[in-house]
Amino acid sequence: MQLLERDSFAGVLDSTLSRIARGAGHVVLISGEAGIGKTSVIRHFTAAHEKTACILWGGCEALFTPHPLAPLHDIARQIGGDFPAAISSAPSRHEVFNATLDRFARLPVPTVAIIEDVHWADEATLDLIKFLGRRLDRLGVMFVVSYRDDEVNEKHPLRSVIGDLPLASATRLQLPPLSETAVGQLAQAAGRSSGSLYAATGGNPFFVTEVLATAESKVPSTVSDAVIARIARLSDAARRVAHLVSIVPGRAERWLLDRTIAPSPDAVQECQNAGMIAYPDYSLGFRHELARRAVEDSISPAARQDLNASVLAELLRHGEDKIAIGRLVHHADHAGDSRAVLSFAPVAAERAAAVGAHREAAVYLRTALRHGASLSDVARARLLAKLSYECYLTNQLPESIAMRTASLALWRSMGSRLEEGDSLRWLSRLAWFNGQTAPAGAYAVEAVDVLEALPHGRELAMAYSNRAQLHMLADDVAPALAWGQKALDLATTLHETETRIHALINIGTAKLIGRDPSGRQDLELALQMALEHGFEEHAARAYTNLSTSLIRSLEFSSAARYLKAGITHCEERDLDSMMRYLMAHRAESSLALGQWNEASSDADLIVRHAGVAPITKIPALVVLGRLRARRGDPDMESPLAEAHELAVPTNEMQRLGPVLAAQAEAAWLHGTGTKSLLMELTQVYEIGLKGTDVWIRSELAYWLWRHGRLPATQSGFPNPYTLQITGDWKAAAAAWEKIGCPYEQASALADGDDESVLRAALEIFERLGAAPMAAVVRRKLRARGVRRIPRGAQERTRQNPCGMTNREMKVLELLVAGQRNAEIARRLFVSEKTVGHHVSSVLAKLGVRSRGEAAAAAMKLGLYDPKAGPPSINK
């Protein structure tokens, strides 16, 4: 078949490769529905460059549970030398990834590394793509990744990987269906009438190809019908080959075919003639996964089970050490061989977890439990606990809680008090992580009660530290310190380093909340110990608590150092959940410092991630809501309402306080305050009076004062909020300027009466794009009879709902028209670097991550009319 309507995509690949030849690495993401022609485009591209570039291929298979890092092993075999052995023997995922990075750095330039069908990828492979994608600027490698976007929903882990790739080093190509004209050309080349072919296939090249390959004059209603029609015309011998190959995802080795059904060369050739592929290593597979599935589904359940049993037997006979254990689990499960599943699935789960493929580990464990009728209660309880842990790591919290609860019930039924206590401690952690503070506290108390009645060990020390952590998170300083010290003392007696680190983090953070500066030393010590002993997650937590504690006290410059180091630490180790938590607070810091585009970019990235934990999502939503309120953008209520809904069950001042302050600010700016909001604000403020966090208490007081609910008298810890409430706006403005918060500085200046002061406030608001407060200051100036007040944002900027400047609107028009940065720079007579800054600003203001999303958002908001075509002149 001809490769129609794909020249522009091939051109992008060609131009990208030319940049790679100059040493600038890049990722190309090729997406589209199943059968759209992704592989055809890639093969067309590689065929044109196979003599001038090093081409490496890897692919993901539709195994029941994907084999961890299968594409990397494919590529390693092509690279050869000692590389396959090096990655196979590496003890951890981190070492595998670094070994891969080192080897890629030594490959010829340019190198094209292809991984196909990553919608089937295991978690370790997805992490590898993200790891390499963030570091390609150092390599002469073009990384081509293909996936089916119709199988990648918003919760698919691939979304997270794509979202975390640097915008500057990634290009997305989404292949569209063929046009009706192209389908007609294909039909004509096949000597067929196009008829209703386009309507029936939707222009999907695979559908078209499969339909045109049949001899039927009537277009089948589904691709499955077309595939099965072709298989039905095979001889019995060839059909046996097709059936066997269909139950083996990916491809079936020739030795496997020979040992199971011993096909004749004629039978194999007949299958090839029908559209199957014989690979260079003599393995056999379907040209398209949809065809394989269609054939597999056409086999009766009993026959499928027998075929899987035969394949499993031959794989075992070939040697377990020579076969990926994921294949053994897949065929054992489909063969209904529970004994084999229970033998291989737990081992497969352990291996997957070791390389960071925790989602796959969870699938293996679920498979084992599904076949676990013969398991003892002890074995079942352990599997349930392991599954709960893997689900916890992968943000599958409801299942994690259910599995841990079931495990707890089994331990209780057996009278296993130690495991019962540890399970209760875990349930406490899971409940808190799920935003449910009250159940977390109840489980924590019960865990200690159970474990204190037993010989004291690590489990009790962790239970003590868990109680300290819950009190610390609730700003209950005294009990947090008491429980933390108990945990630290027991852990020291037991020489238990990990629990010592855990307890020190809780103690140090509690001290900082209580305004004891020595807490920073405790956290620094915990961080040092965690790094020295390889406790990467605890190091991330120490970075997190150091930075967030400093942000809470508005020490932004000090916090920045820990944020940067912590994010780098997490990024290098792919600790994404902690990295996003740090990013949420970096967004909070950027908002305060007037770096609004950066704040919007971080917050939007977090909110768009499916399955992000409530504790991470809350600050990101607050940042987005506050930005919209301060800029005068539409729909400020939705993110703040969602943040409020998530914050209430936590019952923590550090979550609920900022949400209510943001809601009160939005209500004051736009006159939307309600009695219920002000009542809740008052209640939380009164609770805050009993706590030690003077900054959030002062901010709540400030907004009560703005709404006329608090007298203009304040005592206690002096800060800019209390200064402004008492009328000393000049001192408040100076204090905010010293801290580095321009919006708050201008808000204090706006309370002044002098024309020069008000003009200074207006200048800051205009620079930030804070339209509502700029309007307030203009009204004050006009009321005082001031003339020649700056008009502010130009009319077009004020009329568009995202606050973009005229230049940004022009960049958006050219961007939507499909022009790249270099083309836009030529059109606007500016540097390409300047265009890059404008594009980043446009994406941030639209709240999107890519050019395609920007185009869709612009048309949805009515900022761009596609019928008008690209702009032809500079205005």
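Our structure's up above, just so we're on the same page.
Reading guide: rules and limits
Residues numbered from 1 in each chain as written. Predicted model: local features only at pLDDT ≥ 70, side-chain atom pairs only at ≥ 80, totals over all residues. Heavy atoms only, no water. Helix = DSSP H or I, 4+ residues; strand = E, 2+ residues; numbered from the N terminus. Rg over C-alpha atoms; globule rule 2.2 N^0.38 Å. Contact = heavy atoms within 4.5 Å. Lys, Arg positive; Asp, Glu negative; His and termini not counted. Charge placed at Lys NZ, Arg CZ, Asp CG, Glu CD. 1 Å grid on protein atoms, 1.4 Å probe; cavity = no way out; pocket = protein on both sides within 12 Å on 5 of 7 lines; lining within 4 Å. Points joined across faces, edges and corners; volume = space filled by probe spheres on them. Buried < 20%, exposed > 50% of the residue type's maximum accessible area, 1.4 Å probe, protein only. Pairing = 2+ DSSP bridges. Axes fitted to C-alpha atoms, helices over the stretch in contact; angles between N-to-C directions. Disulfide = S-S within 2.5 Å. Core = buried A, V, L, I, M, F, W, Y, C linked by side-chain atoms within 4.5 Å. Expected span 1.5 Å × (residues − 1). Arc of directions from axis to C-beta. Salt bridge = Lys/Arg side-chain N within 4 Å of Asp/Glu carboxyl O. Phe/Tyr/Trp six-rings, centres within 6.5 Å; stacked < 30°, edge-to-face > 60°. Parallel < 35°, antiparallel > 145°, perpendicular 65-115°, else oblique. Left-handed = near helix turned anticlockwise from the far one by under 90°. Nonpolar A, V, L, I, M, F, W, Y, C, P; charged D, E, K, R; others polar.

Chemist: Quick one: what's the story with the overall build of the protein chain, residue by residue and with numbers?
Modeler: Summing up its helical and strand segments, the protein chain has 46 helices and seven strands in all. Relative to the compact-globule value of 29 Å for 875 residues, the protein chain shows a C-alpha radius of gyration of 31 Å, a close match. Considered along the principal axes of its C-alpha atoms, the protein chain spans approximately 95 × 80 × 50 Å. Long-range pairs, those at least 24 residues apart, make up 64% of the contacts in the protein chain with a sequence separation of at least 6. With 99 positive and 99 negative side-chain charges, the protein chain shows a spacing of 5 Å between the two charge centroids.

Chemist: Please set out empty space enclosed by the protein residue by residue, giving values where relevant.
Modeler: Summed over the entire model, instances satisfying the criterion amount to two cavities of 30 Å³ or more. Lining the largest cavity are 38 residues, and of these Glu-588, Arg-626, Pro-658, Glu-699 and Tyr-721 lie nearest its centre. Those elements that provide at least two residues to the lining of the largest cavity are helix 28 (536–552), helix 30 (576–592), helix 32 (614–631), helix 34 (653–670), helix 36 (694–706), helix 37 (720–725) and helix 39 (742–749). Considered as a void within the structure, the second largest cavity measures approximately 50 Å³ in volume.

Chemist: Summarise the environment of Glu-50; cite the residues concerned and give the values.
Modeler: With respect to the element layout, Glu-50 can be found in the loop between helix 2 (38–49) and strand 2 (54–59). On the basis of relative accessibility, which here comes to 54%, the residue Glu-50 falls in the exposed class. Sequence separation between Glu-50 and Ile-20 is 30 residues; the distance between their C-alpha atoms is 15 Å.

Chemist: Which residues make up the sheet that holds strand 2, and what values do they have?
Modeler: With parallel pairing, five strands are arranged side by side in an open sheet as 2-3-4-1-5. Two strands close off the open sheet at either side, each with one partner strand: strand 2 and strand 5 (170–174). Averaged over all pairs of adjacent strands, the angle between strand axes in this sheet comes to 15°, irrespective of strand direction. Pairing between strand 1 (residues 26–32) and strand 5: five bridges, direction parallel. The residue of strand 5 that forms the bridge with Leu-29 is Arg-172. Of the strands in this sheet, strand 1, strand 2, strand 3 (111–116) and strand 4 (141–148) touch helix 2, which is tilted by about 160° from strand 4.

Chemist: I'd like a description of the side chain of Gln-663, backed by residues and values.
Modeler: On the secondary structure map, Gln-663 appears in helix 34. Owing to a relative accessible area of 18%, Gln-663 belongs among the buried residues under this scheme. Setting aside residues no more than four positions away along its own chain, Gln-663 makes contact with Leu-640, Ala-641, His-644 and Leu-677.

Chemist: An account of the state of the cysteines is needed here, citing residue identities and associated values.
Modeler: Evaluation of the coordinates by the stated rule reveals zero disulfides. Cys-54 takes part in no disulfide bond, and the closest cysteine sulfur to it belongs to Cys-60, at a distance of 19 Å.

Chemist: Requested: an account of unusual backbone geometry, with residues and values cited.
Modeler: Across the junction of Val-109 and Pro-110, the peptide omega takes the value 0°, indicating a cis bond. Residue position: Pro-110 is located in the loop between helix 5 (93–105) and strand 3. The backbone of Asn-651 sits at a positive phi, close to 55°, despite the residue not being glycine. Here Asn-651 is to be found in the loop between helix 33 (637–647) and helix 34. Judged by its relative accessible area of 62%, Asn-651 falls in the exposed class.

Chemist: Tell me about the nonpolar core, and please be specific about residues and values.
Modeler: Among the nonpolar cores identified, the biggest contains 113 residues, and Leu-681, Leu-700, Tyr-743, Phe-765 and Val-777 are the most heavily contacted of them. The element contributing the most residues to this core is helix 34, with ten residues. Setting aside residues up to four positions removed in sequence, Leu-700 forms contacts with Met-653, Gly-657, Leu-660, Ala-661, Leu-681, Val-684 and Tyr-685. Formed by 96 residues, the second largest nonpolar core is a distinct cluster that contains Ala-121, Ala-124, Ala-242 and Phe-344.

Chemist: Quick rundown of helix 27 (residues 519–533)? Include the residues and the values.
Modeler: When the terminal C-alpha atoms of helix 27 are compared, their 21 Å separation across 15 residues agrees well with the 21 Å that a helix rising 1.5 Å per residue should span. Considered for burial, the residues of helix 27 that qualify are Gly-519, Asp-522, Leu-523, Ala-526, Leu-527, Met-529 and Ala-530. Seen end-on, helix 27 carries its buried residues on one side only, within an arc spanning 165°. Facing away from the buried side of helix 27 by more than 90 degrees, the exposed set consists of Gln-521 and Glu-532. Contact partners of the buried residues in helix 27: helix 26 (497–513) and helix 28. Gly-534 lies just past helix 27 and shows a positive phi near 80°.

Chemist: Break down the side chain of Ser-547 for me, with residues and values.
Modeler: On the secondary structure map, Ser-547 appears in helix 28. Judged by relative accessible area, Ser-547 falls into the buried class, the value being 0%. In this structure Ser-547 touches Ala-559, Tyr-562, Leu-563 and Leu-582, once residues within four positions along its chain are discounted.

Chemist: Now, about the pattern of salt bridges: what can you tell me, with residues and values included?
Modeler: Pairs may arise between side chains of opposite charge once their charged atoms sit close together. Scanning the entire structure with this criterion turns up 37 salt bridges. The salt bridge partner of Asp-475 is Arg-552, with a shortest N-O separation of 2.9 Å. Remark: Arg-552 occurs in helix 28 and Asp-475 occurs in the loop between helix 24 (458–473) and helix 25 (477–493); sequence separation between them is 77 residues. Judged by relative accessible area, which is 11%, Asp-475 ranks as buried. By relative accessible area, Arg-552 is classed as partly exposed at 21%. Its salt-bridge partner being Arg-706, residue Asp-751 comes within 3.0 Å of it at the nearest N-O pair. Highlighted residues: Asp-751 in the loop between helix 39 and helix 40 (755–768) and Arg-706 in helix 36, separated in sequence by 45 residues. Since its relative accessible area comes to 24%, Asp-751 is described here as partly exposed. With relative accessibility at 18%, the residue Arg-706 sits in the buried group.

Chemist: An account of the packing of aromatic side chains is needed here, citing residue identities and associated values.
Modeler: Overall, the coordinates contain 14 aromatic pairs when judged by the stated rule. Consider the rings of Tyr-464 and Trp-483, whose centres lie 5.6 Å apart with planes at 40°: the pair is tilted. With Tyr-464 in helix 24 and Trp-483 in helix 25, this residue pair connects regions lying 19 residues apart in the sequence. Each member of the pair, Tyr-464 as well as Trp-483, carries the same accessibility label: buried. Note on Trp-596 and Tyr-743: the rings are 5.7 Å apart at their centroids and 50° apart in plane angle, and the pair reads as tilted. Of the two residues, Trp-596 is situated in helix 31 (residues 596–607) and Tyr-743 in helix 39; the sequence distance between them amounts to 147 residues. No difference in accessibility class separates Trp-596 from Tyr-743, as the two residues are buried. Each member of the aromatic cluster is reached from another via a ring pair, and the members are Trp-668, Tyr-702, Trp-703, Trp-705, Tyr-721 and Trp-736.

Chemist: Explain the packing of helix 27 against helix 28 to me, and be specific about the residues and the numbers.
Modeler: With their axes 8 Å apart at the nearest point, helix 27 and helix 28 run at an angle of 155° to one another. By the angle between their directions, the pair helix 27 and helix 28 is classed as roughly antiparallel. Considering how the two elements wind past one another, helix 27 and helix 28 form a crossing that is left-handed. Contacts between helix 27 and helix 28 involve Arg-520, Leu-523, Leu-527, Ala-530 and Leu-531 from the former and His-538, Ala-539, Ala-542, Tyr-543, Asn-545, Leu-546 and Leu-550 from the latter. Residues belonging to the contact of helix 27 with helix 28 are distributed by class as follows: nine nonpolar, two polar and one charged.

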